[in-house]
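Chain and residue survey
The primary structure of each chain is shown beneath.
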Amino acid sequence: MTMATHEVTNQPVPLVGHNVYAGDRALRDALAFHLPGADESGRTSLGALLGSEAMQTHARLANVHRPQLHTHDRFGHRVDTVEFHPSYHALIGSAIEAGLHATPWARGPGAHVERAAAFLMFTQLEPSVLCPVSMTYAVTPALRDNAPVFAAWFDKLASTRYDPRLAFVGTKTGVTMGMGMTEKQGGSDVRANTTRAEFTGDDAWGACYRLTGHKWFFSAPMCDAFLVLAQTPAGLGCFFLPRVLPDGRMNAIEIQRLKDKLGNQANASSEVEFNGALAWRVGEEGRGIAQILEMGTLTRLDCALGTAGLMRGAVALALNHASQRQAFGKALSDQPLMKNVLADLALESEAATALAMRLARAVDKQDDPFETLMRRVLTPVAKFWVCKRGSALAQEAMECLGGNGYVEEHGEGVMARIYREMPLNSIWEGAGNIMALDLMRALRKRDGRGGDTVQALEAELATTRGASTVLDRFTDALFARLADGAGDEHDARRLAQDVALAVQASLLRRHAPDFTFDAFCRSRLTDGGPQVFGTLPSGLAFDSIIHRAMPQ
Ligand SMILES: Cc1cc2nc3c(=O)[nH]c(=O)nc-3n(C[C@H](O)[C@H](O)[C@H](O)COP(=O)(O)OP(=O)(O)OC[C@H]3O[C@@H](n4cnc5c(N)ncnc54)[C@H](O)[C@@H]3O)c2cc1C
């Protein structure tokens, strides 16, 4: 029996079964620039998988059925395990099979750029399972500073065979790692850490210590091991902390509770206490902050990539909706003011992809001194600017869907998930102010021995000198400011914004169409910078920009 009072019309067909890679011209053009002639078949098949209905269902289920903490078994023993829905395992298993964690460290040139593209694409499906994947990527190179641990763990860290069991590394097909820095009294200022490390002796994994203290944020506690900071007599040290000890016993890591978070629901973020947990030193006592900074460079890359992916996902959803939904006699995407909004969102998304992929190339070219300087400059710039723009873009993309954008409907509201995820990439791994201040420090380091970050930035931008008078004026003003030093701390965000915009414009000149470059320069490099979305000056190629960004 039908109870219908009306026919449902004018509701768009959802974006399902599309190819996340093939439909992303901005990403494809960035890759053609950074890896010319590279085989696209792997990316194309990953793109099909990530857009599939089956994977979208996993993403929904992994967020609806949140991780459950079990501190004890029914007999009262501590177990400290987190139980995930099978869809979580399916998702993270796919990410690891695609080599998004430590695999590039075992491969040759270009591997980090390939991995960056895949990471950006995967985020559009589900970002929160990528937290342990990203941390594993970031900690692996730092582990080299403990050679025996690196020798025992590297093959399993680089393995593409996911193994969720909490078991000794020797019995597993693959492992993941996390990071523990933040304590209650300080996250940005980790010098305030109070967790103590007491030396107990040397063994096959090097200098062993007993850790006592806590971590206030400790994501993905089901990882096999963590790099954590703790105080030694010589200052902060960095320590390798496995969950299962070499003799098969569980290490003394007690999970107190899981965080109740705004978004990032599929990922477990915990509070932990170390009750005399055994850990092995990585690097020297007192060098913990330097070790953490090495990891931070890589997780910050992933914050930019992840946000660029979420932005692309949000724009694809907005375009899918607006091109099907009719209002006032035509498709929303044909209404002049909506064209302005959609084109503006598309520009921002492409610029984010360009900047994040440029940073990935700098990470890939580890041995090139120029790229090392660019990595130093672009890491805080991309982390700051792309993540800041992400939240604003998600709000506007959501509005393109009208009321439907705000509705969760049993986890099917992908736009709502994106919106809740966005602020996180800006907060963790160094919040916005910390990034802006870090850039200021980087630009002040002019040691005259080739380590000159400002000269590197000038060389990067010189490649597109003369392409646009607007861009030339903008970069001239930027370098005039830098000639007097990088300014004072009050101006640090403005500096990060302006460096980001100049580099984004230059990249768009190199691998986007003229109409994209022109629209970006005229809307971002004049009149005080970016405005509310949908305020592009008239006369720009709205239709071409929108057409380029259409997901299928
Ligand atoms: C979901 C989630 C998961 C997390 N997972 C982990 C994890 O696995 N491991 C881990 O170690 N941490 C983790 N974190 C912690 C995260 O990295 C910190 O929250 C972050 O570094 C900020 O530290 P804080 O919270 O102590 O804030 P604070 O350090 O108190 O900073 C608060 C604000 O002050 C600003 N600020 C700080 N210093 C200055 C200054 N000198 N000038 C101007 N502004 C300043 C910051 O930019 C920030 O906006 C996680 C956080 C979240 C939300």
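Let me sum up the structure you'll find in this document. Here, residues in each chain are numbered from 1, in the same order as that chain's written sequence. It should be noted that, the model being predicted, local features are given only for residues of pLDDT at least 70 and side-chain atom pairs only at 80 or more, the latter also being counted only at that level, while totals for whole chains, interfaces and linings use all residues. To obtain the side-chain values, all non-hydrogen atoms of the structure were included, while hydrogens and water were left out.

Overview of the overall build of the protein
A run of H or I in DSSP becomes a helix once it reaches four residues, and a run of E becomes a strand once it reaches two; helices and strands are each numbered from the N terminus. Of regular secondary structure, the protein possesses 17 helices and eleven strands. Whether a residue is buried, partly exposed or exposed follows from its accessible area with a 1.4 Å probe, protein chains only, as a fraction of its type maximum: under 20%, in between, or over 50%, in that order. The burial tally for the protein puts 58% of its 552 residues in the buried class. The contact definition used throughout considers only heavy atoms, calling two residues in contact when any of these lie within 4.5 Å. Long-range contacts, defined here as pairs at least 24 residues apart, represent 73% of the contacts in the protein between residues at least 6 apart. All accessible areas in this document rest on Shrake-Rupley with a 1.4 Å probe, and a residue is counted as covered only by the protein chains that are shown. Within the structure as shown, the protein displays about 22,200 Å² of accessible surface, and the carbon and sulfur contribution to it stands at 53%.

Some words on the pattern of salt bridges
Any carboxyl oxygen of Asp or Glu within 4 Å of a side-chain nitrogen of Lys or Arg constitutes a salt bridge here. In total, this model carries 32 salt bridges according to the counting rule given. In this structure, R257 and E271 form a salt bridge, with 2.8 Å as the shortest nitrogen-oxygen distance. With R257 in strand 8 (residues 253-258) and E271 in strand 9 (residues 269-282), the pair connects residues that are 14 residues apart, well separated along the chain. For E271, a relative accessible area of 9% corresponds to the buried category. Put simply, E460 and R358 hold a salt bridge, and the shortest N to O gap is 2.9 Å. On the criterion of sequence distance, the pair formed by E460 in helix 13 (residues 453-462) and R358 in helix 9 (residues 336-364) is long-range, its members being 102 residues apart. In terms of burial, E460 and R358 fall into one category: buried. Residues participating in the shared-partner salt-bridge network are R358, R361, E371, E460 and R510.

Description of the packing of aromatic side chains
The pairing test for Phe, Tyr and Trp rings, Trp by its six-membered ring, is centres within 6.5 Å, and the orientation test on the planes gives stacked under 30 degrees, edge-to-face over 60, and tilted for anything in between. Under the criterion given, the structure shown has 14 aromatic pairs. Residues W105 and Y137 carry aromatic rings whose centres are separated by 5.4 Å and whose planes lie at 25° to one another, so their mutual orientation is stacked. Taken as a pair, W105 in the loop between helix 4 (86-97) and helix 5 (111-125) and Y137 in helix 6 (residues 130-142) lie far apart in primary sequence, 32 residues in all. The pair W105 / Y137 is uniform in exposure class, with both members buried. Geometrically, the ring pair formed by Y209 and F239 is edge-to-face, given 4.8 Å between the ring centres and 65° between the ring planes. Of the two residues, Y209 is situated in strand 5 (residues 206-219) and F239 in strand 7 (residues 235-242); the sequence distance between them amounts to 30 residues.

Some points on the environment of R161
Here R161 shows up in the loop between helix 7 (147-158) and strand 3 (177-180). Apart from residues lying up to four places away in sequence, R161 is in contact with I96, T173 and G174.

Focus on the site of the ligand
The nearness test applies per residue and asks whether one of its heavy atoms lies within 4 Å of the molecule or strand. In the vicinity of the ligand there are 20 residues, among which M181, T182, G187, S188 and S219 approach most closely. At 3.3 Å from a nitrogen atom of the ligand is found a main-chain nitrogen or oxygen belonging to F217. Polar contacts, as counted here, are pairs of nitrogen or oxygen atoms within 3.5 Å of one another; within protein the pair requires one atom able to donate a hydrogen and one able to accept it, and residues that are adjacent in sequence qualify only if both atoms are side-chain atoms. N433 places a side-chain nitrogen or oxygen 2.9 Å from a nitrogen atom of the ligand. Surface burial for the ligand is 66%, taken as the share of its 980 Å² of free accessible area covered by protein chains. Going through the elements one at a time, strand 3, strand 5, helix 11 (414-427) and helix 12 (432-444) are the ones with two or more residues in the shell around the ligand. Among the residues forming the shell around the ligand, the class breakdown is ten nonpolar, eight polar and two charged. For this classification, Asp, Glu, Lys and Arg are treated as charged, while Ala, Val, Leu, Ile, Met, Phe, Trp, Tyr, Cys and Pro are nonpolar and the rest, including Gly, are polar.

Concerning helix 17 (residues 542-549)
Quick reminder: α-helices carry 3.6 residues per turn. Residues three or four places apart thus point the same way. Within the sequence span of helix 17, burial applies to F542, I545, I546, R548 and A549. Summarising the axial view, the buried residues of helix 17 lie within an arc of 160°, below the 170-degree limit, and thus occupy one face. Those residues of helix 17 that are buried are in contact with helix 1 (25-34), helix 8 (288-322), helix 9, helix 15 (492-511) and helix 16 (514-524). When we speak of the arc, we mean the arc of directions from the helix axis to the C-beta atoms.

Describing the packing of helix 13 against helix 15
Between the N-to-C directions of two axes lies an angle of 0 to 180 degrees, each axis being a line fitted to C-alpha atoms and, for a helix, fitted only over the stretch in contact. Where helix 13 contacts helix 15, the two axes come as close as 9 Å, and the packing angle between them is 35°. Here helix 13 runs over helix 15; the crossing is left-handed. Along its contact with helix 13, which presents L457, E460 and L461, the element helix 15 presents V499, A502, V503, S506, L507 and R510. Of the residues that constitute the contact of helix 13 with helix 15, the class distribution is six nonpolar, one polar and two charged. The crossing is said to be left-handed when, going from far helix to near helix, the turn is anticlockwise and less than a right angle, and right-handed when the turn is clockwise.

Observations regarding the environment of K215
By secondary structure assignment, the location of K215 is in strand 5. As a C-alpha pair, K215 and T195 span 20 residues in sequence and 8.1 Å in three-dimensional space. What K215 contacts, discounting residues up to four positions off in sequence, is G180, M181, T182, E183, N193, T195, L229, E271, V272 and F274. One polar contact links the side chain of K215 to the main-chain carbonyl oxygen of M181, over a distance of 3.4 Å.

Observations concerning unusual backbone geometry
At E409, a position not held by glycine, the phi torsion is positive, near 45°. Locating E409 in the fold gives a position in the loop between helix 10 (369-400) and helix 11. Judged by its relative accessible area of 48%, E409 falls in the partly exposed class. A positive phi angle, near 50°, is found at D527, a position not held by glycine. The residue D527 is located in the loop between helix 16 and helix 17 in this model. Judged by its relative accessible area of 71%, D527 falls in the exposed class.

Observations regarding the pairing of strand 1 (residues 68-72)
Across a regular strand the side chains alternate sides, sitting on one face of the sheet and then on the other. Pairing of strand 1 with strand 2 (residues 78-83) involves four bridges; the strand directions are antiparallel. What sits directly across from L69, in strand 2, is V82. Taking the residues that link successive antiparallel strands as the turn, the strand 1-strand 2 hairpin has five residues, and the phi of G76 there is positive, at about 95°. We call two strands paired when DSSP finds no fewer than two bridges between them.

That's the geometry; what it means functionally is another story.
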